[in-house]
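Commentary on secondary and tertiary structure
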Amino acid sequence: MERIEGSIAAFLFGGLVAAMPAQATSETEGLQRFRAIYKELVETNTTLSAGDCTLAAQRMAARLKLAGYPHSDLRVFVPEGHPKEGGLLAVLHGSDPQAKAILMLAHVDVVEAKREDWTRDPFTLIEEDGYFYGRGTSDMKAQAAIWVDNLIRYREEGYKPRRSIKLALTCGEETSSALNGAGWLTKNARDAVDAEWALTEGVDGDLDAHGHRIALEILAAEKTSQNFVLEATSPGGHSSRPVPDNAIYHLVRAVDRVSHFEFPVELDDANRAYFTGMSKIVGGQAGAAMVAVVKNPQDVAALAILDKDHNWHAMLRTTCVATMLAAGHATNALPQRATANINCRIFPGDTRDAVQAQLVAVIEDPKVSVTIPEIRGPIATPAPLTPQILEPIEKVAHELWPGVPVIPALEPGASDAQFLNPAGIPTYGITGIFIDPDGGNIHGLNERVRVQSVYEGRTFLYRLVKLYADQ
Ligand SMILES: [Zn+2]
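Note that the structure is a prediction, hence the values are computed from the model and not measured.

Here we come to the environment of Thr 319. Within the secondary structure, Thr 319 is located in strand S12 (residues 319–327). On the accessibility criterion, Thr 319 (18% relative accessible area) is buried. Along the chain, Thr 319 and Gly 181 lie 138 residues apart, while their C-alpha atoms are 27 Å from each other. Each residue touching Thr 319, except ones within four places of it in the same chain, is listed here: Lys 223, His 313, Ala 314, Asn 343, Cys 344 and Arg 345.

Below, the structure is given as structure tokens:
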């Protein structure tokens, strides 16, 4: 407890809000309250297997109620047949009924975490050596806590925004087979989430290995995840009398061909802006390669340099990779069936049909079928990066971190933006939370995020949402 208070004091007096000594106590209390919200979220298990998003939503609703939000402006929603996959809707009303709202969106579900594999309990918020540890500390309960904290602070101040400020906490972002809360809301509570645009996770600020800030990223576009199933069948028989028509051989050759295939390079506004901005920061050979590829996406020498980085490689094209295999039914029988799952990440604007046709062409074996097992949602469409979006980000970033550039990015992964953008709610990923080069091991073991980064992100998003709401 002492250490906690110490870190808050160090942040306040060493950092951004030290200039207001008269309000030091209330600032400290505010930060402690934020930390309590964050802790409550991290310590509410929201995994699909054993967790309860509805409980997390109820707890956040209770905090907003305590802050004075009337019952009519709060709604815990629970999709039918999914009692533990609920979420929360809340609103701070704006003064201009003609102005469309700003939506603060966060998923509160987290990736599974096994206590026996972790160094510390994944469902206890642990602060150690300047880091918060715990499942969801980074993805994305820090931002969810900031959104709740924002609403509490705005109300406490008597802040009257021009646009309404809406909050949606949802479940089901992390598990592709789960019901997606954001998608559910666009169909079942469209009014409650309707907005000029929405803000959510996606990309963060980048720190170098020494903890120095490199750039603040904003997610401008993301890829769409789509599975394809390769399947080969053969008549089977006794393994003592092999025949060439073997389902496993057909499948393995097909997977091998996929492994050697590279989709063509594509440029859009997002990755063009990313590589243009990053070229100045990275410099050297890689920086020159970024400039060259933006000019000519077929520049083989430049691509060879960029493709060595897995992230840059993925930002430049659709990718497909084998993720699961299943084959055969007995050790002494010829296989009758062999299947592989190929997970593709489709570049914005490409289609599922085109990727499927490309896989069929690459595999070049009529014995291997290529099918789509399930379609989770529409293909991601990028939201336009207008000055209305970018200028407030640049303004607040300049106030907090002068000299650190703001860089649009194309995210190879996917967020809830994939459900909101096609529903007509342009969605941007911006956190203002600076993370280490290892990404804080999100989805992995011992997930962590810097304490200072979370507190700064809180200041950043508090100011940013106000600027948007007053536009
Ligand atoms: Zn996430």
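Take the coordination of the zinc ion next. Ideal geometry at a metal centre: 109.5 degrees between donors when four sit tetrahedrally, and 90 or 180 degrees when six sit octahedrally. Looking at the zinc ion, the protein donor atoms are His 107 (NE2), Asp 139 (OD), Glu 201 (OE) and Glu 201 (OE), and they sit 1.8 to 2.6 Å from it. Coordination at the zinc ion is irregular: its 4 donor atoms span angles of 54 to 145 degrees at the metal. Here the donor residues for the zinc ion map to a single chain with the spacing H-x31-D-x61-E. Of the two residues, Asp 139 is situated in the loop between strand S5 (131–133) and helix H4 (141–157) and Glu 201 in the loop between strand S7 (197–200) and strand S8 (205–207); the sequence distance between them amounts to 62 residues. Pair check on accessibility: Asp 139 and Glu 201 agree, each one buried.

So, on to the packing of helix H8 (residues 269–282) against helix H9 (residues 284–295). Two elements in contact, H8 and H9, have axes whose closest approach is 8 Å; the angle formed by their N-to-C orientations is 155 degrees. Judged by the angle between their axes, H8 and H9 are roughly antiparallel. Classified by chirality, the crossing of H9 by H8 is left-handed. Counted together, Arg 272, Phe 275, Thr 276, Met 278, Ser 279 and Val 282 of H8 and Gly 284, Ala 286, Gly 287, Met 290, Val 291 and Val 294 of H9 form the full contact between these two elements. The residue inventory of the contact of H8 with H9, partitioned by class, reads 7 nonpolar, 4 polar and 1 charged.

Here we take up the nonpolar core. In summary, soluble globular proteins display a tendency toward joint burial of nonpolar side chains. Core analysis: the largest hydrophobic core is formed by 69 residues, its most contacted members being Tyr 38, Leu 64, Leu 167, Ile 393 and Phe 460. For this core, the element with the highest residue contribution is helix H15 (residues 451–470), accounting for 10 residues. Residues contacting Leu 167, with those up to four places away along its chain left out, are Leu 64, Leu 88, Leu 89, Ala 90, Leu 103, Met 104, Trp 147, Val 148 and Leu 151. By size, the runner-up hydrophobic cluster in this structure holds 25 residues, among which are Ala 215, Tyr 274, Ala 286 and Val 293.

Let us now look at the side chain of Glu 456. On the secondary structure map, Glu 456 appears in helix H15. Polar contacts involving the side chain of Glu 456 include one to the side chain of Trp 401, which spans 2.8 Å.

Moving on to the sheet that holds strand S19 (residues 448–450). Spatial strand order, S4-S5-S19: 3 strands in an open sheet with antiparallel pairing. Each of the sheet's edge strands pairs with one partner strand only, and the pair in question is strand S4 (126–128) and S19. On average, adjacent strands in this sheet sit at an angle of 25 degrees to one another, irrespective of strand direction. In this structure, S4 lies alongside S5, joined through 3 bridges in antiparallel fashion. Its bridge partner being in S5, Glu 127 is matched across the sheet by Phe 132. Each of S4, S5 and S19 touches H15; the most contacted strand, S19, lies at about 70 degrees to it.

A few words on the sheet that holds strand S14 (residues 337–346). Here we have 4 strands laid out as an open sheet, ordered S12-S14-S10-S15, and antiparallel in their pairing. Looking at strand neighbours, the two that pair on one side only are S12 and strand S15 (368–371), the edges of this open sheet. Each strand axis lies, on average, 20 degrees off the axis of its neighbour in the sheet, ignoring direction. Two elements, strand S10 (residues 224–233) and S15, share 4 bridges in a ladder whose sense is antiparallel. Residue pairing in the sheet places Glu 231 in a bridge with Ser 369 of S15. Docked against the sheet, helix H12 (residues 352–363) engages S10, S12, S14 and S15, running at close to 35 degrees with respect to S10.

Conventions we followed
Residues numbered from 1 in each chain as written. Predicted model: local features only at pLDDT ≥ 70, side-chain atom pairs only at ≥ 80, totals over all residues. Heavy atoms only, no water. Helix = DSSP H or I, 4+ residues; strand = E, 2+ residues; numbered from the N terminus. Buried < 20%, exposed > 50% of the residue type's maximum accessible area, 1.4 Å probe, protein only. Contact = heavy atoms within 4.5 Å. Donors = N, O, S within 2.8 Å, 3.2 Å for Na, K, Ca; no water. Tetrahedral: all angles 85-135°; square planar, octahedral: opposite > 155°, others 65-115°. Axes fitted to C-alpha atoms, helices over the stretch in contact; angles between N-to-C directions. Parallel < 35°, antiparallel > 145°, perpendicular 65-115°, else oblique. Left-handed = near helix turned anticlockwise from the far one by under 90°. Nonpolar A, V, L, I, M, F, W, Y, C, P; charged D, E, K, R; others polar. Core = buried A, V, L, I, M, F, W, Y, C linked by side-chain atoms within 4.5 Å. Polar contact = N/O pair within 3.5 Å; in protein donor to acceptor, adjacent residues only side chain to side chain. Pairing = 2+ DSSP bridges.

Treat this as a map of the structure, not an account of what it does.
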